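Summary of structural features
Residues per chain are reported as follows:
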Amino acid sequence: MYTDPHAIYLNLSCLDFLLVELIPMSERVVEVIGERKTSNGNAMPAILSEKDGRIGEEERRGAVFKHVEGLGYRVGQGLVERFSQDRPRFTDVLDVMKFICKDLWHLIFRKQIDNLKTNHRGVYVLTDNSFRLLMRMSTEVGGLDTVTRAQPYLWFPCGVLRGALANLGVQATVVAETAAIPVAVFHIQALRQD
């Protein structure tokens, strides 16, 4: 077996721990930003509720989503820039999706996407039946509570997908859902390029 003597290795547990801590860290960042906005009197209406100047639950959740998805977007752009440079240019969106399902997903999560479906009109559904971030997730209540609490952990991979697609020339919206742990389903709507 050949190994590169100049290769730098990193334990996969480090990535797992980072991604698990990403949501609580983003929630703390949003809280600090909200407190600063109210103490300065420069409240941003998109984040703060109108009745008492504090962060409302929906506004907080939206701000956390924006923060986490933005981090994923930058990671996706960087990964594609680094790992697609030696490849020939992709000819269509389906080739881009195949690259993401086979190569990019394997690079990040050490496995390929389990299923790729398309209607050939710009809608793609990627299914990972054993999504790495959801493998060890559970709550005391279980069931629906676990699924609800798992949803924010899908925001980072949504950003990664959107950033990777953007860097490959495909503008898209990405939405993820999970109906049962550890299955993750990503719905990608490629926007028309006119």
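Residues numbered from 1 in each chain as written. Predicted model: local features only at pLDDT ≥ 70, side-chain atom pairs only at ≥ 80, totals over all residues. Heavy atoms only, no water.

1. Details of the pattern of salt bridges
According to the stated counting rule, one finds seven salt bridges in the structure shown. The partner of Glu27 in a salt bridge is Arg60, with the nearest N and O atoms 3.7 Å apart. Placement of the pair is Glu27 in helix H1 (residues 12-40) and Arg60 in helix H2 (residues 57-83), with a sequence separation of 33 residues. Judged by relative accessible area, Glu27 falls into the partly exposed class, the value being 30%. Among the ionic pairs, Lys111 bridges to Asp114, the shortest N-O distance being 3.1 Å. (Salt bridge = Lys/Arg side-chain N within 4 Å of Asp/Glu carboxyl O. Helix = DSSP H or I, 4+ residues; strand = E, 2+ residues; numbered from the N terminus. Buried < 20%, exposed > 50% of the residue type's maximum accessible area, 1.4 Å probe, protein only.)

2. Things to note about unusual backbone geometry
Leaving glycine out, the prevailing phi sign among residues is negative, and the prevailing peptide bond configuration is trans. A cis amide bond links Ile181 to the next residue, Pro182, at an omega of 5°. By the secondary structure assignment, Pro182 is in the loop between strand S3 (172-177) and strand S4 (184-190). The phi dihedral of Arg110 falls on the positive side, at around 60°, and the residue is not glycine. When you line up the elements, Arg110 lands in the loop between helix H3 (93-109) and strand S1 (115-118). Positive phi, normally seen in glycine, also occurs at His120, with a value near 60°. Among the structural elements, His120 can be located in the loop between S1 and strand S2 (123-128).

3. A few points about the side chain of Gln151
You can see Gln151 is positioned in the loop between helix H4 (144-150) and helix H5 (155-167). Within the structure, Gln151 has its side chain in polar contact with the backbone oxygen of Ala176 (distance 2.7 Å). (Polar contact = N/O pair within 3.5 Å; in protein donor to acceptor, adjacent residues only side chain to side chain.)

4. A closer look at the packing of H2 against H3
Two numbers describe how H2 lies on H3: the axes approach to 11 Å, and their chain directions differ by 105°. Comparing their axes, H3 and H2 come out roughly perpendicular. In contact with Leu79, Val80 and Phe83 of H2, H3 contributes Phe99, Leu104, Leu107 and Ile108. Here the residues of the contact of H2 with H3 sort into seven nonpolar, no polar and no charged. (Axes fitted to C-alpha atoms, helices over the stretch in contact; angles between N-to-C directions. Parallel < 35°, antiparallel > 145°, perpendicular 65-115°, else oblique. Contact = heavy atoms within 4.5 Å. Nonpolar A, V, L, I, M, F, W, Y, C, P; charged D, E, K, R; others polar.)

5. Overview of H5
For H5, which comprises 13 residues, the first-to-last C-alpha distance of 18 Å matches the rise-based estimate of 18 Å (1.5 Å per residue) to within 8%. Extensive coverage of H5 is indicated by the burial of 11 of its 13 residues. Burial in H5 covers these residues: Trp155, Phe156, Pro157, Cys158, Gly159, Val160, Leu161, Gly163, Ala164, Leu165 and Ala166. Phi for Gly169, located one or two positions after H5, is positive at around 90°. (Expected span 1.5 Å × (residues − 1).)

6. Describing the pairing of S2
Looking along a regular strand, one sees the side chains alternate between the two faces of the sheet. Across four bridges, the pairing between S1 and S2 is antiparallel. Each bridged residue has a counterpart across the sheet, and for Thr118 the counterpart in S2 is Tyr124. Between S1 and S2, which pair antiparallel one after the other, the connecting turn spans four residues, and His120 there sits at a positive phi close to 60°. Sheet analysis places S2 next to S4, joined by six bridges and oriented antiparallel. (Pairing = 2+ DSSP bridges.)

7. Quick word on the sheet that holds S3
Strand order in the open sheet formed by four strands is S1-S2-S4-S3, and the pairing between neighbours is antiparallel. Each having just a single partner strand, S1 and S3 make up the two edges of the open sheet. Here the average twist between neighbouring strands, direction ignored, is 15°. Strand contacts of H3: S1, S2 and S4, with the helix running at about 15° to S2, the strand carrying the most contacts. Its contacts with the sheet put H5 on S2, S3 and S4, and the angle it makes with S3 is roughly 160°.

By themselves, these figures tell us nothing about what the structure is for.
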